[in-house]
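Now for the letters of each chain:
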Amino acid sequence: MRSFAYSRPLSIDDAIGAMEKHPDAKFLGGGTNLVDLMKMGVEKPSMLIDITSCL
Amino acid sequence: MHIRYRTKQVTGQFRATATGKAGGDATLGERSLRDFCNVKLSWSEFPARKRPSAQAHLGLRGRETQEPTPRSIGYGRAPRFLMDRKHSQHDHNPLTRRKFIGTAATVSALAITAPPLEAQSPDHLVSRPQDAANARLCSLSINGVRHELSVDPRVTLLDMLREHLHLTGTKKGCDHGQCGACTVLVNGERILSCLSLAVSQDGHKVTTIEGLSHGQSLHPMQAAFLEHDGFQCGFCTPGQICSAVAVLEEIRQGAPSAVTLDVSHSTPIDLTEDEVRERLSGNICRCGAYPNIVASVLSVYRRERS
């Protein structure tokens, strides 16, 4: 898996702001699909924005 | 004119590709090289590794043509011992036990140091100095014990449990979320630890199969699996048990499944065999111990109700 930065914003506004700063970032909900694809190298986001804390 | 050629041993003909001075490529297909460029090629002009054997050139079937070189498995060259096996029938290069073990050990050692496998080795990931800047501090409660860990964001919860904390009760089956062997409980709900990043579980309460029992006293679900022979090889069992424990909690909370007839919450959900099979459908058992697994779960459910 490629290296990536991880952020865990606590509000929706922070999550959207982080995505605007890093256009190739991905939102992480649970990971069922995204983490699997990242393991296989299909998805290579530079940053994961974990939105489970702002739901 | 530069001429590249590939030999075709059976017919003794050559596939010729010519590159003219103008820079264009012309592939002429199969024809005699001599007809094509009208030159006499001496035998020494062939690169040694592409030189057809004399027997093949003469249309004779030598040993090389009877026994083609083994194709590689996956990509890369076939392991040496596989290639040697071809010749062992002729006692030319016999494959001995010692050679096999020695080669296998070498292949394993190479595999461990190969860069693509780094992502599979969380210990390696966590301890690599260049990743230290990327590591995050996580605080998790695992089986009632608070852990403060510095982990790389790439490490999954499963790898952290197994490789970092050495809680190897949770099994790695497919590592793609398809088999359910890695099921653990996070805040009482079942999740697939192989698809969950360890850093995303910061602050959560994780319970693995080791945390279900209290000392020597087993969790009722563990005892039921023993009582009803709910396993054969046992590899899927930790996941099955964690999943089953969560299923009973889901039933208590009235969470419907795909086979629940009444989803109006007007009556409590009854855990039938169909319900158990549906709710545990994410946990695959290749031994096929399903009847006994269902019996185990139902026995715990009935005992709790009575």
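Not measured: the values here are computed from a predicted model.

Caption draft 1: Structural view of the overall build of chain A. Summing up its helical and strand segments, chain A has two helices and three strands in all. For chain A, the sequential pattern of α-helices and β-strands runs β-α-β-α-β. The burial tally for chain A puts 42% of its 55 residues in the buried class. The long-range share in chain A, meaning contacts at least 24 apart out of those at least 6 apart in sequence, stands at 55%. Put simply, chain A shows about 3,100 Å² of open surface, and 57% of that area lies on carbon and sulfur atoms.

Caption draft 2: Geometry of the sheet that holds strand β6 (residues 183–186) of chain B. Residues and elements named next belong to chain B. Across the sheet, which stays open at both edges, the five strands sit in the order β5-β4-β8-β6-β7 with mixed pairing between neighbours. The open sheet has two edge strands, β5 (145–151) and β7 (189–192), and neither has a second partner. When the angles between neighbouring strand axes are averaged without regard to direction, this sheet yields 40°. Pairing of strand β4 (residues 136–142) with strand β8 (residues 205–207) involves two bridges; the strand directions are parallel. Paired with Ser141 across the bridge in β8 is Lys205. Each of β6 and β7 is contacted by helix α10 (residues 237–253), which is oriented at about 40° to β6, the strand it contacts most.

Caption draft 3: Just helix α1 (residues 12–21) of chain A, in detail. Residue and element names in this part refer to chain A. Taken residue by residue, α1 has Ala15, Ala18 and Met19 as its buried positions. Along α1, the residues classed as buried sweep out an arc of 100° about the axis, all on the same side. Exposed residues on α1 whose side chains face more than 90 degrees from its buried face are Asp13, Glu20 and Lys21. On its buried side, α1 packs onto β2 (26–28) and β3 (47–50).

Caption draft 4: Inspection of the pattern of salt bridges at higher detail. Counting across every chain of the model gives 13 salt bridges over all chains. Across the pair Arg303 of chain B and Glu227 of chain B runs a salt bridge, and its minimum N-O distance is 3.5 Å. Taken together, the residues span a long stretch of sequence, with Arg303 of chain B in helix α12 (residues 290–305) and Glu227 of chain B in helix α9 (residues 220–227) at a distance of 76 residues. We note a salt bridge from Glu275 of chain B to Arg279 of chain B, for which the minimum N-O separation is 2.7 Å. One end of the pair is Glu275 of chain B and the other is Arg279 of chain B, both in helix α11 (residues 273–279) and four residues apart, which spans about a single turn. Arg279 of chain B carries the same exposure label as Glu275 of chain B, and that label is buried. Residues joined by salt bridges that share partners form a network here, namely Lys39 of chain A together with Asp159, Lys172 and Asp175 of chain B.

Caption draft 5: Geometry of the confidence of the model for chain B. Residues and elements named next belong to chain B. On average, residues of chain B score 74 in pLDDT, and 57% of them are at 70 or above. When the elements of chain B are averaged for pLDDT, strand β2 (residues 13–19) gives the smallest value, 40, and β6 the largest, 98. The low-confidence segment residues 1–46, where pLDDT is below 50, has 69 contacts with residues more than four positions distant or belonging to other chains. Low pLDDT, under 50, characterises residues 54–91; the predicted model gives this stretch 39 contacts beyond four residues in sequence or across chains. Two numbers describe this predicted complex: its pTM, 0.64, and its ipTM, 0.94.

Caption draft 6: Region of interest: the sheet that holds β2 of chain A. Residue and element names in this part refer to chain A. Read across the sheet, three strands follow the order β1-β3-β2 without closing on themselves; strand pairing throughout is parallel. Only two strands of the sheet have a single partner each, and these edge strands are β1 (5–7) and β2. Ignoring which end each strand starts from, the neighbouring axes of this sheet average 30° apart. Both β1 and β3 contribute to a ladder of three bridges, which runs parallel. Within β3, the position partnered with Tyr6 by the bridge is Leu48.

What counts and how
Residues numbered from 1 in each chain as written. Chains lettered and ligands numbered in written order. Predicted model: local features only at pLDDT ≥ 70, side-chain atom pairs only at ≥ 80, totals over all residues. Heavy atoms only, no water. Helix = DSSP H or I, 4+ residues; strand = E, 2+ residues; numbered from the N terminus. Buried < 20%, exposed > 50% of the residue type's maximum accessible area, 1.4 Å probe, protein only. Contact = heavy atoms within 4.5 Å. Areas by Shrake-Rupley, 256 points an atom, 1.4 Å probe, with all protein chains shown as cover. Pairing = 2+ DSSP bridges. Axes fitted to C-alpha atoms, helices over the stretch in contact; angles between N-to-C directions. Arc of directions from axis to C-beta. Salt bridge = Lys/Arg side-chain N within 4 Å of Asp/Glu carboxyl O. pLDDT = per-residue confidence, 0-100.

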